[in-house]
Amino acid sequence: MVEVVRVQTFVDAGRVAAIIPASGTRVMLLTSQPEGDTAQRLSGYGSLVEARHQMAAALQAVLDDPLGFDLFVMDCDGFGGMDGGEAAIAALIAHDARMRVMLVSRDFDVPAFPLGRRTAVCLPADASEDSFRRGFVHVLRDRAAVTYM
């Protein structure tokens, strides 16, 4: 006689993860507002934020950094909007940079949290704190924890 066991799994996609990735996440932020909401939120999560206000300088810093940044975040509105974000990603890909990317722009109507590892999290410029935090956690979801021995 075979016994059948039924299992149900519940997923609440509307909830925001309460856990922020370990502090010390290295972030390259390309922004025209170095003291703006994006920078404040990222540093509020304990990230080590290095901000640049020129695209070429930010991309060069990412490519030249010997340690490597954990995340590239771009406030797209000061750099051509969504098209500028796509150009930055294309430049990173052309130079074989493999990193997580988060784009923030008023061109995005709703947040996008794609499941692909090489796809950017896209957030509207007026994203709520919960939505921004969810994007941050999502983009870093597969980041290995750093341990010290």
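No experiment lies behind these values; they were computed from the predicted model shown. All residue numbers refer to positions counted from 1 along the written sequence of the respective chain. Local features in this predicted model are restricted to residues whose pLDDT is 70 or higher, and side-chain atom pairs enter the listing and the counts only when it is 80 or higher, whereas totals over whole chains, interfaces and linings include all residues. To get the side-chain values, take all heavy atoms of the structure and skip hydrogens and water.

> Can you walk me through the packing of aromatic side chains in this structure?
Ring pairs shown here join Phe, Tyr and Trp side chains whose ring centres sit within 6.5 Å, with only the six-membered ring taken for Trp; geometry is labelled stacked below 30 degrees between planes, edge-to-face above 60, and tilted in between. Applying the stated rule across the entire model yields two aromatic pairs. Each ring, one from Y45 and one from F136, has its centre 4.9 Å from the other, and the planes form 40 degrees; the classification is tilted. Of the two residues, Y45 is situated in the loop between α1 (37–44) and β2 (48–52) and F136 in helix α4 (residues 129–139); the sequence distance between them amounts to 91 residues. Residue F136 is classed as buried on the basis of its relative accessible area of 0%. Through a chain of ring-to-ring contacts, the aromatic side chains of Y45, F132 and F136 assemble into a single cluster. In our convention, an over-ring charge means Lys NZ or Arg CZ found within 6 Å of a ring centre and within 35 degrees of that ring's normal. A cation sits over an aromatic face here: R26 above F69, 4.3 Å from the ring centre. Each helix is a run of H or I in the DSSP string that is no shorter than four residues. Each strand is a run of E no shorter than two, and both are numbered from the N terminus. Exposure is judged per residue with a 1.4 Å probe applied to protein chains only, and the accessible area is read against the type maximum: over 50% gives exposed, under 20% gives buried, and values in between give partly exposed.

> Looking at this model, I keep getting lost on the pairing of strand β1 (residues 26–30). Mind explaining?
Within a regular beta strand, the side chains point alternately toward one face of the sheet and then the other, so they alternate between its two faces. Counting buried positions along β1 gives five out of five residues, so the element sits mostly inside the fold. Side chains R26, M28 and L30 project from β1 onto one buried face, and the interleaved V27 and L29 project onto a second face that is buried too. If you view a crossover with the strands going away from you and the path from the first strand over the helix to the second runs clockwise, you call it right-handed. In the classification by handedness, the crossover that spans β1, the intervening α1 and the parallel β2 is right-handed.

> Help me understand the nonpolar core in this model?
The nonpolar side chains of a soluble globular protein tend to be buried with one another. Of all hydrophobic cores here, the largest spans 19 residues; its most connected members are M28, V62, F72, M74, L92 and L103. Among the elements of the structure, β1, α2 (55–64), β3 (71–75), α3 (81–94) and β4 (100–105) are those that each provide at least two residues to this core. The element best represented in this core is α2, accounting for four residues. Once residues lying within four places of it in the same chain are set aside, the contact partners of V62 are M28, F69, F72, L92 and M99. Within this scheme, the nonpolar core is defined by two criteria: the residues are buried Ala, Val, Leu, Ile, Met, Phe, Trp, Tyr or Cys, and they are joined through side-chain atoms within 4.5 Å. Core analysis: the next-biggest nonpolar cluster, separate from the first, contains 16 residues, L42, M102, F136 and V139 among them. Working rule for contacts: check all heavy atoms of both residues, and any pair within 4.5 Å makes them a contact.

> Could you clarify how one ought to interpret the sheet that holds β3 in this entry?
Strands belonging to one sheet form pairs held by backbone hydrogen bonds; the direction of such a pair is parallel or antiparallel. At least two bridges found by DSSP between two strands are what make those strands a pair. Strand order in the open sheet made by the five strands is β2-β1-β3-β4-β5, with parallel pairing throughout. Only two strands of the sheet have a single partner each, and these edge strands are β2 and β5 (121–124). Neighbour-to-neighbour, the strand axes of this sheet turn through a mean angle of 20 degrees, independent of strand direction. Note: β1 against β2, five bridges, orientation parallel. Axis lines are fitted through C-alpha atoms, for helices just across the contact stretch, and the angle between N-to-C directions can take any value from 0 to 180 degrees.

> So what exactly am I meant to see when it comes to the side chain of S47 here?
Note on placement: S47 falls in the loop between α1 and β2. Taking the relative accessible area as the measure of exposure, S47 reaches 8% and is therefore buried. There is a polar contact of 3.2 Å between the side chain of S47 and the backbone oxygen of L42. Excluding residues within four positions of it along the chain, S47 makes contact with G24, T25, V27, L42 and F136. In protein, a polar contact means a hydrogen-donor-capable atom and an acceptor-capable atom, both N or O and within 3.5 Å, with residues adjacent in sequence counting only if both atoms are side-chain atoms; elsewhere, any N or O pair within 3.5 Å suffices.

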